[in-house]
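These are the residues of each chain, in order.
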Amino acid sequence: MKNPYKYLSIFLIASLFLFSCSKSDNGTDETDSDYYFRFKVDGNQVDYVFKPDTQINLTGIIDHDEQSGVHAMNIGGIDTIFETGLTNRFSILIGDMENIVAGTSYTNIQGQGDRTPDSAFNMSYFDAEGNIYIAVLNTTATQLYELATVHFSEITDSHVSGSFSGTLKWYDVSGGTVELVDSVIISEGIFKVPRY
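Residues numbered from 1 in each chain as written. Predicted model: local features only at pLDDT ≥ 70, side-chain atom pairs only at ≥ 80, totals over all residues. Heavy atoms only, no water.

## So, the confidence of the model for the chain
Item 1. With 83% of its residues at a pLDDT of 70 or more, the chain has an overall mean of 86.
Item 2. Across residues 1-32 the pLDDT falls below 50, and counting only partners more than four positions away or on other chains, this stretch makes 66 contacts in the model. (pLDDT = per-residue confidence, 0-100. Contact = heavy atoms within 4.5 Å.)

Rendered as C-alpha cells:
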C-alpha cells in the first residue's frame, strides 16, 4: 500500500523553504500592489495582503529537476512569515512529468479537470490554530480526499496567477490509524503572486 502522506512531507519541507525566504538579488523586487492571495473558508473571507517592504509572503516558485524529470510549481500565501508556528498559510504544490502550463485546470482526482499530475498534488491550509487541512492525490484503495482544483491563468517570468477551490480535510494519524477530525470548503480562491 502506498503511503498517502508521502508528498505531505515533501510539501512541508518545500513550504518551510518557501515561507522562510527573504528578498534577494535573484528574486523580483517588484512592489506591484496588485499582487494578492484571497479565498473563502466555509464562506468566510481570508485575504493575505502582499507586504514586499517587510517580507516575501506571497510567492510562486517554478522548478524542473533534471535528474527525475519532474516539473514543480509551488504557490504560497501567508498572512505573516514572522509567526512562530505554521498558521494562516495556504500552499499549492503541483509536480508533474509534463510542463506545468497556463490555461490548464489541475485536480487531485483523475478525470475531474484538464489534468491530474502524476507526481504530486497538494493543496494545504494551516488555520489560525495551526491545524492543517489538505487535499492530495488519492493513492490508496480508500479514497481519503475530495476534489480540489487549481487553474493557472498566467505563468510569466514575473508572476503566476490563477484560481483554486476544494474540500480540504484534517486527519489525525497520531494513534496509528487515519481518523477524520474536520474538513473545510475552500471557495472563490484567487491569486496573483510574484515569481521567484
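## Some remarks on the side chain of N122
Item 1. Turning to its location among the elements, N122 is positioned in strand β7 (residues 120-126).
Item 2. For N122, a relative accessible area of 1% gives the class buried.
Item 3. Within polar-contact distance, the side chain of N122 engages the side chain of S124 at 2.3 Å. (Helix = DSSP H or I, 4+ residues; strand = E, 2+ residues; numbered from the N terminus. Buried < 20%, exposed > 50% of the residue type's maximum accessible area, 1.4 Å probe, protein only. Polar contact = N/O pair within 3.5 Å; in protein donor to acceptor, adjacent residues only side chain to side chain.)

## Points about the pairing of strand β5 (residues 89-96)
Item 1. Burial analysis of β5 places 8 of its 8 residues in the buried class, which makes it a mostly covered element.
Item 2. Going residue by residue along β5, you find R89, S91, L93 and G95 tucked away on one face and F90, I92, I94 and D96 tucked away on the opposite face as well.
Item 3. Two elements, strand β4 (residues 71-78) and β5, share 8 bridges in a ladder whose sense is antiparallel. Counterpart to I78 in the pairing with β5 is R89.
Item 4. The pairing of β5 with β7 spans 7 bridges and is classified as antiparallel. Bridging across to β7, S91 finds its partner in S124. (Pairing = 2+ DSSP bridges.)

## Section: the pattern of salt bridges
In a structure, side chains of opposite charge can pair up when their charged atoms sit close to one another.
Item 1. Counted by the stated rule, this structure contains 8 salt bridges.
Item 2. Between K192 and D34 there is a salt bridge whose closest N-O contact spans 2.8 Å. Here D34 lies in the loop between α1 (6-20) and β1 (36-41) and K192 lies in strand β11 (residues 179-194), a separation of 158 residues in the sequence.
Item 3. We classify K192 as buried; its relative accessible area is 15%.
Item 4. A salt bridge links D79 to K51; the shortest N-O distance between them is 3.9 Å. In this pair, D79 is assigned in the loop between β4 and β5 and K51 in the loop between β2 (44-49) and β3 (58-64), connecting sequence segments 28 residues apart.
Item 5. In this structure, a network of salt bridges that share partners links the residues D96, E98, R115 and D118. (Salt bridge = Lys/Arg side-chain N within 4 Å of Asp/Glu carboxyl O.)

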